[in-house]
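# Examination of the molecular architecture
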Amino acid sequence: MDDDLVLNIVTDGNLSLKSGSGKKGGRWTERLKVKRTLKRKSRPEDKPTRATPVSKTSENDRPSKKARIDNTQTKTTPDVPVAQPNSSKQARGAQPAQLALPSRPTQIISSLFSYNPKVEAPAPRPVEAPKIIEPSNAPLDSSTFSGLGLNPLLISHLSTKMDIQKPTAIQRASLPVLLSTLPSKTSRDVFLQSQTGSGKTFSYLLPIIQDLLPLSSLSYIDRSIGTLAIIIAPTRELAKQISDVLEAILKMRLRAEDASTSSPDTSTQLTRWLVSGLLVGGATRTHEKARLRKGVPILVSTPGRLLDHLQNTSSFNVGKCRWLVLDEADQLMELGFEETITGIIQGLDGRRRMAKQAMEEGRTNEVGGWDWERRRKTVLCSATIREDVQKLAGTALSNPLMVKATEVDKDNKDDKLSSNPEKSLVIGSTTETFTPPSQLSQKYVTVPLKLRLVALVALLRKLVAETQVRRGAKIIVFLSCTDSVDFHWNLLGGSAMDGPEPEASSGDSEDDSDDNDEDKGAKSTPNAHPEKVEAQCSLLPDVTIYRLHGSLPNNLRLAALKGFTGAQGKNKPVQEMSSILFCTSVASRGLDLPLVRAVIQYDLPTEGGATEYVHRVGRTARAGKGGEAWAFVAPSEVEWVKWVEGKMQGEEKNENSRVSLTGVSVEELLRSGFGGGRGSEYEQRATEVQLAFERWVLQNKENALLSRKAFLSYMRAYATHPSSEKHIFHIRNLHMGHLAKAFALRDAPKSVKVARAPTQKKHEVKAKSHRTSNKPKADGDKEWDRDHSGDAEKRMQAIVRAQGRLTKQGGVMASTGASEFQISGGYDLEKLVGR
């Protein structure tokens with residue numbers, strides 16, 4: 001301080017770049033360090049503005065991202081725009097100049113592919129074939145065949161040739177399932193359940209033909225490929241009916257109607273190789289073998305004959321069978337075909353394994369390319385689901401899918417079935433409800449036993465008279481046994497009120513001949529005594545009467561069925577007369593008999609109960625048409641009406657769907673059938689009809705034998721009612737003498753016991769034919785001639801008329817408490833039935 005030395009120290013950290021940059025000398029690395037130090041110290045410390053955000057970074061920190069500014073700035077501009085200092089002013093200590101704002105905001109563009117997290121690539125999956133997924137919201141038009149996916153050729157044939165425009169309820173429900181190509185449906189068998197007359201036959205015939213039709217375009221396909229579809233029916237009549245429907249469908253055009261016939265498309269031309277065949281009992285096996293050797297792609301058969309050919313006919317080629325249909329499964333089980341069906345299924349499986357093995361080993365001459373992996377589809381049709389039907393379904397069906405006509409609008413996925421076929425077919429309720437068609441008019445009439453015969457004639461006359469258009473009107477009368485069918489058919493066809501009795505016309509059995517050559521040889525055997533097929537009755541003018549039961553020969557059964565339905569052949573017109581069919585329960589299942597006006601249950605069902613009743617009445621009111629059902633009820637059987645109504649009603653309590661039978665008095669029925677106004681004139685006419693029937697019985701031994709056999713067979717059939725119905729149908733409740741009157745018998749029941757006496761001595765009858773005419777007759781023949789002569793008949797008629805004068809005015813015999821016969825007790829009646 002003594003030297004007065006003053007130091008001028010500048011504390012400002014801002015140094016001029018010029019001063020630093022003007023330094024010369026030294027190593028270049030040192031100069032670079034000084035330049036970088038000065039550059040860092042020259043940065044402004046002011047707070048950044050909003051437009052130009054500034055990030056605080058240390059010496060060793062690098063920018064978070066390298067900004068890329070659009071074309072208004074240079075490429076070398078860093079993320080944070082920093083102004084270069086003015087070296088001349090800052091060197092003198094001036095404040096750094098304010099940054100100039102750009103004309104528009106700075107836009108920072110970042111890279112899309114830099115600093116992304118690492119993502120692992122998915123593992124490669126095997127390439128799968130595209131799946132066919134059924135659309136869940138596509139509109140379905142189930143009201144037409146085209147909306148159901150049916151082939152246009154089939155649709156055109158159904159509408160133009162067969163007059164079928166719209167599908168029925170069961171067809172709308174089943175065709176989408178059977179026509180589907182989805183694996184979820186093709187891998188499952190189908191159980192079709194629908195009431196009788198609903199069109200189940202078309203439900204499986206149309207899918208079968210549509211499935212086999214594309215094979216017609218293959219050059220190596222002909223009928224020699226074997227049998228691809230088998231349809232099993234319980235009876236010959238039903239098998240013949242299915243075969244006729246199948247033949248009618250197979251006559252369709254194989255080219256669209258608008259296709260040009262001058263230059264057809266040969267690439268997709270269809271060949272007519274689909275032919276049908278019929279295997280039923282009654283024909284010779286030799287001719288059937290010849291037909292099977294040629295090849296029958298679609299076969300309709302009864303169970304017994306089909307199993308016979310599977311076991312014994314080596315030329316029966318069924319290794320490629322793709323369809324198996326069991327129609328009327330409930331009747332198949334009732335007739336005892338369970339073991340036969342099991343044998344058929346095992347036979348088909350064995351033939352398929354053998355054919356496939358032969359193809360793999362090259363031991364066959366057939367052309368390859370067949371889809372052996374496709375399984376056989378089985379369709380089971382039944383109107384009821386009883387325990388025995390469920391058992392058959394468990395044996396024949398694999399993972400069954402149930403299709404009902406009442407579930408058309410339900411999705412198939414909602415039908416959840418168990419993996420166990422037997423459990424999957426059990427109805428929700430233990431009591432099965434099986435109802436007839438709602439449009440069917442059901443009536444019953446309580447008839448005393450002695451009036452049954454005349455009441456039947458009165459009802460037939462009433463129904464025929466009420467038919468406005470007589471052409472083709474048909475009536476079916478169900479009886480309990482074959483002897484009763486033969487008796488009533490011969491009685492109505494042979495009796496007459498006055499004059500000579502009309503002769504029954506012999507049936508033309510040759511009308512039933514088949515066009516195939518194999519069938520012509522089956523009828524080469526001459527028949528010396530042709531059986532009768534149809535008959536005429538003087539009490540029923542312009543009416544033809546037929547009969548049908550299981551004891552008739554096969555040709556007569558088919559001829560009677562064809563005559564009743566009106567199919568008289570190719571060159572004959574359709575039957576214009578009304579017709580009546582007397583039959584047993586053999587005609588109660590599956591037969592589609594057109595224009596059946598009414599069904600009469602003259603004898604109530606002895607087996608099957610309400611189910612058999614519904615099957616019988618199901619022959620009328622088919623496919624939405626109307627019809628009548630009549631039931632004859634004895635006074636001791638009145639309880640049956642409420643019983644059958646309860647069985648058909650089931651557990652439903654809806655009044656709109658309640659099933660009931662309307663009662664009709666026997667007096668009203670007789671008055672409408674025989675006329676006479678409000679008075680009792682109908683009683684006299686009914687008595688005359690009864691006497692005419694009794695005269696026919698008394699004419700010869702054959703007629704009397706028919707009547708007595710029918711009486712005994714009826715009694716035996718009546719005794720077969722199950723124990724659950726014995727409170728209604730008991731043999732002790734029958735009046736034996738009155739019942740004999742229903743069979744035009746005047747004999748007491750004791751004489752009925754020896755009805756078989758004439759047939760037990762055939763050798764004696766044969767020996768009598770060699771005797772001389774002048775030899776005296778035996779005592780039995782004299783007694784027969786005396787009791788059955790014209791004088792005896794006149795005396796009996798006079799006695800009856802005398803009784804009528806005594807009991808009622810007008811000469812008409814009244815219904816009194818006394819009987820014309822001495823009647824045995826109920827125990828004797830049971831003993832008679834037992835014998």
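Just so it is clear, the structure is predicted and the values come from calculations on it, not from any experiment. Sequence positions are assigned chain by chain, starting from 1 and proceeding in written order. Whole-chain, interface and lining totals are the exception, using all residues; otherwise, since this is a predicted model, local features are given only for residues with pLDDT of at least 70 and side-chain atom pairs are given and counted only at 80 or more. Note that the side-chain values use all heavy atoms of the structure and ignore hydrogens as well as water.

Each helix corresponds to a stretch of at least 4 residues labelled H or I by DSSP, and each strand to a stretch of at least 2 residues labelled E; elements are numbered beginning at the N terminus. Counting secondary structure elements, the protein contains 29 helices and 15 strands. Across the protein, the fraction of contacts at a sequence separation of at least 24, relative to all contacts at a separation of at least 6, is 78%. Calculation of accessible area relied on Shrake-Rupley with a 1.4 Å probe; when residues are assessed, cover is drawn exclusively from the protein chains displayed. For the protein, the accessible surface area stands at approximately 47,600 Å², while carbon and sulfur atoms represent 50% of it. Contact between two residues is taken to exist if any of their heavy atoms lie within 4.5 Å; hydrogens are not considered.

Attention now goes to the UniProt feature "short sequence motif: Q motif" (unreviewed entry) in the protein. UniProt positions are given in the numbering used here, feature names are shortened, and annotations may be inferred rather than shown by experiment. Summarizing the sequence annotation, UniProt attributes the feature "short sequence motif: Q motif" (unreviewed entry) to residues 143-172 in the numbering used throughout. With 43% helix and 0% strand, residues 143-172 has end C-alpha atoms that lie 7 Å from one another.

Here we take up the packing of aromatic side chains. Within a pair of aromatic rings, the relevant descriptors are the distance that separates the centres and the angle that separates the planes. Ring pairs are drawn from Phe, Tyr and Trp, using the six-membered ring of Trp, whenever the two centres fall within 6.5 Å, and their geometry is named by plane angle: stacked under 30 degrees, edge-to-face over 60, tilted for the rest. For the structure on display, the rule yields eight aromatic pairs. Ring centres 5.8 Å apart and planes at 40° place the aromatic pair Phe 487 and Phe 743 in the tilted group. Of this pair, Phe 487 sits in helix H16 (residues 482-494) while Phe 743 is found in the loop between helix H24 (736-742) and helix H25 (749-752), placing the two residues 256 residues apart along the sequence. Exposure class is identical for Phe 487 and Phe 743. Each is buried. These aromatic residues form a ring-pair network of at least three members: Phe 487, Trp 696, Phe 711, Tyr 714, Tyr 718, Phe 729 and Phe 743. Exposure is judged per residue with a 1.4 Å probe applied to protein chains only, and the accessible area is read against the type maximum: over 50% gives exposed, under 20% gives buried, and values in between give partly exposed.

Take empty space enclosed by the protein next. Points on a 1 Å grid, built from protein atoms alone, make a cavity when a 1.4 Å probe fits but cannot get out and make a pocket when they are open with protein on both sides within 12 Å along at least 5 of 7 lines; residues with an atom within 4 Å of a point are the lining residues. Grid points are joined across faces, edges and corners, and a volume is the space filled by probe spheres set on the points. Taken as a whole and judged by the stated rule, the model has seven cavities of 30 Å³ or more. The calculated volume of the largest cavity comes to roughly 100 Å³. Looking at which element gives the most residues to the lining of the largest cavity, the answer is helix H23 (residues 701-718), with three residues. Lys, Arg, Asp and Glu make up the charged group, whereas Ala, Val, Leu, Ile, Met, Phe, Trp, Tyr, Cys and Pro make up the nonpolar group; the residues left over, Gly among them, are polar. Of the residues assigned to the lining of the largest cavity, the class counts are nine nonpolar, three polar and three charged.

Whenever Lys or Arg places a side-chain nitrogen within 4 Å of a carboxyl oxygen from Asp or Glu, that contact is recorded as a salt bridge. In this structure the tally under the stated criterion is 22 salt bridges. A salt bridge links Glu 338 to Lys 391; the nearest nitrogen and oxygen atoms lie 3.3 Å apart. Of this pair, Glu 338 sits in helix H12 (residues 338-361) while Lys 391 is found in helix H13 (residues 387-396), placing the two residues 53 residues apart along the sequence. Judged by relative accessible area, which is 28%, Glu 338 ranks as partly exposed. Looking at Lys 391, the relative accessible area reads 44%, which means it is partly exposed. Between Glu 681 and Arg 685 there is a salt bridge, and its shortest N-O distance comes to 2.6 Å. Of this pair, Glu 681 and Arg 685 are both found in helix H22 (residues 681-699), four residues apart, which corresponds to roughly one turn of the helix. One connected set of salt bridges, linked through shared partners, spans Lys 462, Glu 466, Arg 597 and Glu 628.

Another point: the sheet that holds strand E15 (residues 662-664). By definition, two strands form a pair when at least two bridges between them are found by DSSP. The strand order E10-E11-E12-E9-E13-E14-E8-E15 describes an open sheet built from eight strands, whose pairing is mixed. At either end of the open sheet lies a strand with only one pairing partner, and these are strand E10 (534-537) and E15. With direction set aside, neighbouring strand axes in the sheet form an average angle of 25°. Strand direction decides the pairing type here: strand E11 (residues 540-548) and strand E12 (residues 578-583), joined by six bridges, are parallel. Fitted lines through C-alpha atoms give the axes, limited to the stretch in contact for helices. The angle between two N-to-C directions lies from 0 to 180 degrees.

Helix span, as expected, comes to 1.5 Å for every residue beyond the first. Helix length check: H12, at 24 residues, gives a terminal C-alpha distance of 35 Å against a target of 34 Å (1.5 Å per residue), a fit within 8%. Taken together, the buried positions of H12 are occupied by Thr 340, Ile 341, Gly 343, Ile 344, Ile 345, Leu 348, Gly 350, Arg 351, Arg 352 and Ala 358. Elements that come into contact with the buried residues of H12 comprise strand E2 (229-232), helix H10 (303-312), strand E5 (323-326), helix H11 (329-334) and H13. At the C-terminal side of H12, Gly 362 shows a positive phi close to 75°.

The N-to-C vectors of H16 and H22 enclose an angle of 105°; their axes lie 10 Å apart at closest approach. One element, H16, and the other, H22, form an angle in the roughly perpendicular class. Residues Phe 487, Asn 490, Leu 491, Leu 492 and Gly 494 of H16 lie in contact with H22, whose contacting residues are Phe 693, Trp 696 and Val 697. Considered class by class, the residues forming the contact of H16 with H22 number six nonpolar, two polar and no charged. Our angle categories are set so that under 35 degrees counts as roughly parallel, over 145 as roughly antiparallel, 65 to 115 as roughly perpendicular, and the remainder as oblique.

Buried within helix H4 (residues 152-160) we find Leu 153, Leu 154, His 157 and Leu 158. Mapping the buried residues of H4 onto a view down its axis gives an arc of 130°, with all of them on the same face. Lining the buried residues of H4 we find helix H7 (200-212) and helix H8 (236-250). What qualifies as a polar contact is a pair of N or O atoms within 3.5 Å, subject to a donor-acceptor requirement within protein and to the restriction that residues adjacent in sequence count only when both atoms come from side chains. Where H4 starts, the residue carrying a side-chain oxygen 2.8 Å from the main-chain nitrogen of Leu 153 turns out to be Asn 151. Note that the arc is computed from the directions linking the helix axis to the C-beta atoms.

This paragraph deals with the pairing of E2. Taking every second residue as pointing to the same face, both faces of E2 are buried, with Ala 229 and Ile 231 on one and Ile 230 and Ile 232 on the other. When E2 meets strand E4 (residues 298-301), the two strands line up parallel, connected through four bridges. Paired with Ile 230 across the strands is Leu 299, a residue of E4. Of the pairings in the sheet, the one linking E2 to E5 comprises four bridges and is parallel in character. What sits directly across from Ile 231, in E5, is Val 325.

A few words on unusual backbone geometry. Even without being a glycine, Asp 163 presents a positive backbone phi close to 55°. Taking the relative accessible area as the measure of exposure, Asp 163 reaches 62% and is therefore exposed. Unusually for a residue other than glycine, Ala 744 sits at a positive phi of about 60°. Mapped onto the elements of the fold, Ala 744 is located in the loop between H24 and H25.

Our next topic: the pairing of E11. Counting buried residues in E11 gives seven out of nine residues, a clear majority hidden from the surface. From the end of E10 to the start of E11, which pair antiparallel, there are two residues.

What we call a nonpolar core is a set of buried Ala, Val, Leu, Ile, Met, Phe, Trp, Tyr and Cys residues that are connected through their side-chain atoms within 4.5 Å. In this structure, Leu 460, Phe 582, Ile 600 and Trp 640 are the most contacted members of the largest nonpolar core, which totals 82 residues. The greatest single-element share of this core, amounting to ten residues, is contributed by helix H15 (residues 452-466). Listed in part, the 70 residues of the second largest apolar core include Phe 145, Val 177, Ile 298 and Tyr 546.

Before going further, it helps to spend a moment on the sheet that holds strand E3 (residues 276-279). Strand pairing within a sheet occurs via backbone hydrogen bonds; the two strands may be parallel or antiparallel. An order of E3-E4-E2-E5-E6-E1-E7 is seen for the seven strands of this open sheet, with the pairing classed as parallel. Where the open sheet ends on each side, the last strands, each with one partner, are E3 and strand E7 (401-404). Taking each pair of neighbouring strands and ignoring which way they run, the sheet shows an average axis angle of 15°. Strand direction decides the pairing type here: E5 and strand E6 (residues 377-382), joined by four bridges, are parallel.

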